[in-house]
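Tertiary structure, described
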Amino acid sequence: MQEVDVCVVGAGPVGGTLACRLAAGGARVAVIDRADLPPMEHPDFDGRAYAVAAGSRRLLEAAGLWAKLPLPVCPIEDIRVSDGKVGLPASKLHLHFDHREAGDEPFGWMVEARSVRVALNAHLRDLPTLQVHAPAEARVTREADGAVVEVIGGPTFRCKLVVAAEGRQSALRQQAGIKVTTIPYKQRGLVAAIAHEKPHRNVALEHFLPAGPFAQLPMVGIEGAPNVSAIVWTEGAALADRIYGLDDDVFAREVTRRMGSHLGAIRPIGRRWKYPLSAMHAQRYVDTRLVLVGDAAHGIHPIAGQGLNLGFRDVIALSTLVLDAIRAGGDVGAPALLAEYQQQRRGANLLMLGATDALDRLFSTDNPLVRGVRDLGIAGVERLPALKRLFVRQAMGAGTAPDVLG
Ligand SMILES: Cc1cc2nc3c(=O)[nH]c(=O)nc-3n(C[C@H](O)[C@H](O)[C@H](O)COP(=O)(O)OP(=O)(O)OC[C@H]3O[C@@H](n4cnc5c(N)ncnc54)[C@H](O)[C@@H]3O)c2cc1C
């Protein structure tokens, strides 16, 4: 039986980063994932690119991961929000967010999911107080004074806290009897990369269409394609399935009909991905010696690219509480610590879930009345610099950074 402070079950971007951050702070950590980690580095495993907010970047730096990202990241310096209809120019009313309205830092950085994976896989094996078991199943027994985590076919750990970081289908959450509230969207998220004629100038576009938002996110160019963007395209399920299978030429035409022609001629590069979309929220984040983080606790619409950032904010809050407790010689799984974590994160995550859900409902409609009210709102925000600055600071994850560095 080995003693560790924390066992993290799930080595996805959230669980993996938490494990690295805790170990970098001196905690003894075991992380167990049921999948093998190296195959996750393959370009075909996950085509997503994350919009990493400033607060999340500081977490990745503190965890030792940012410096290990193997692929260049692209700053998002401006965000343009518009609405319209497929095949028609965007409405004249739009919001333009300039990062200089909130300081010198970009809104965020586009980081490929694969790049995060490569950095995680390298770093997880580098930290002296961290051990990784993958692929492996974990059998967890929790009691009031601690937990035992048995790695099937491997070692057994005694710890004070078990972290459920296994994503949306979290088995530990289900075993603890924690219920989730789910909002299904009849939409899919189509994800792809496109090469375009004109440079994107580090501007991201969020164009709201009746079937759902269409996002173009700036990426670093590659050989043979100096101008590249990622697209996250929300579409009704049946049409999304058809679009997914279109020939490149027709796909490119459909992209242009939605995105407009401001980037010149476009062509798809690489393969496409499609994800069913839903939102979900756990009714509790904690149980005896157990805490939920990331998608195990919450999942939101990708409309604002905030899903992983919320998970990273969970990591900032939890790692700060755990490392403080270790420094003070306290109990890292004590009920008061877990209650404090839940208090810091549950309301904030629920707020973001509600906001992204409301945005999707507000914009994914053709109702002229709703469109009229919405355009008034867009014009109002554009004219109120203080409100715009507030949005900008929120998008950048302001307020969370000092926690991790403190
Ligand atoms: C189309 C789309 C676009 C998105 N774009 C963005 C974006 O731009 N920015 C952003 O911030 N977020 C974005 N997100 C959300 C983001 O992808 C998720 O929030 C993020 O992947 C959650 O990470 P996680 O580590 O919590 O869970 P996961 O990524 O699901 O990882 C869970 C891990 O746990 C392991 N596991 C599962 N079950 C077990 C078990 N029983 N035992 C052990 N291990 C287990 C799995 O193998 C996996 O490694 C997007 C989502 C979608 C669908």
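Residues numbered from 1 in each chain as written. Predicted model: local features only at pLDDT ≥ 70, side-chain atom pairs only at ≥ 80, totals over all residues. Heavy atoms only, no water.

**Focus on the site of the ligand**
The environment of the ligand is formed by 27 residues, the closest being Asp33, Arg48, Asp295, Gly305 and Leu308. Between the ligand and Leu308 there is a distance of 2.7 Å, counted from an oxygen atom to a backbone nitrogen or oxygen. Taken by itself the ligand offers 1000 Å² of open surface, and the protein chains cover 86% of this. Elements with a minimum of two residues in the shell around the ligand: α1 (13-24), β4 (49-53) and α7 (307-327). (Near = heavy atom within 4 Å. Polar contact = N/O pair within 3.5 Å; in protein donor to acceptor, adjacent residues only side chain to side chain. Areas by Shrake-Rupley, 256 points an atom, 1.4 Å probe, with all protein chains shown as cover. Helix = DSSP H or I, 4+ residues; strand = E, 2+ residues; numbered from the N terminus.)

**Quick word on the side chain of His196**
Along the polypeptide, His196 turns up in strand β14 (residues 180-196). Look at His196 and you get buried, because its relative accessible area is 6%. Side-chain polar atoms of His196 contact the backbone oxygen of Lys198, separated by 2.8 Å. Residue contacts for His196: discarding those within four places in its chain leaves Asn227, Val228, Ser229, Leu263, Ala265 and Ile266. (Buried < 20%, exposed > 50% of the residue type's maximum accessible area, 1.4 Å probe, protein only. Contact = heavy atoms within 4.5 Å.)

**Overview of the environment of Gly221**
Mapping Gly221 onto the fold places it in the loop between β16 (212-219) and β17 (228-236). According to the relative accessible area criterion, Gly221 is partly exposed, its value standing at 31%. Along the chain, Gly221 and His196 lie 25 residues apart, while their C-alpha atoms are 9.9 Å from each other. Here Gly221 is in contact with Pro226 and Val228, once residues within four sequence places are set aside.

**Overview of empty space enclosed by the protein**
The tally for this structure, following the rule as stated, stands at one cavity of 30 Å³ or more. In this structure, the largest cavity encloses a volume near 30 Å³. Lining the largest cavity are Leu60, Leu65, Trp66, Leu69, Val116, Ala119 and Leu120. For the lining of the largest cavity, the element with the most residues is helix α3 (residues 113-124), which contributes three residues. Residue composition of the lining of the largest cavity, by class: seven nonpolar, no polar and no charged. (1 Å grid on protein atoms, 1.4 Å probe; cavity = no way out; pocket = protein on both sides within 12 Å on 5 of 7 lines; lining within 4 Å. Points joined across faces, edges and corners; volume = space filled by probe spheres on them. Nonpolar A, V, L, I, M, F, W, Y, C, P; charged D, E, K, R; others polar.)

**Some words on helix α6 (residues 248-259)**
Residues lying three or four places apart along an α-helix face the same way, a consequence of the helix completing one turn every 3.6 residues. The terminal C-alpha atoms of α6 lie 16 Å apart, and with 12 residues this matches the ideal 16 Å at 1.5 Å per residue to within 8%. Every buried residue of α6 is accounted for by Phe251, Ala252, Glu254, Val255, Arg258 and Met259. Buried residues along α6 cover an arc of 165° about the axis, so they all sit on one side. Facing away from the buried side of α6 by over 90 degrees, the exposed positions are Asp249 and Arg253. The elements touched by buried residues of α6 are β14, β15 (203-209), β16, β17, α5 (237-244) and β18 (266-282). With its phi angle positive at about 90°, Gly260 sits one or two positions after the end of α6. (Expected span 1.5 Å × (residues − 1). Arc of directions from axis to C-beta.)

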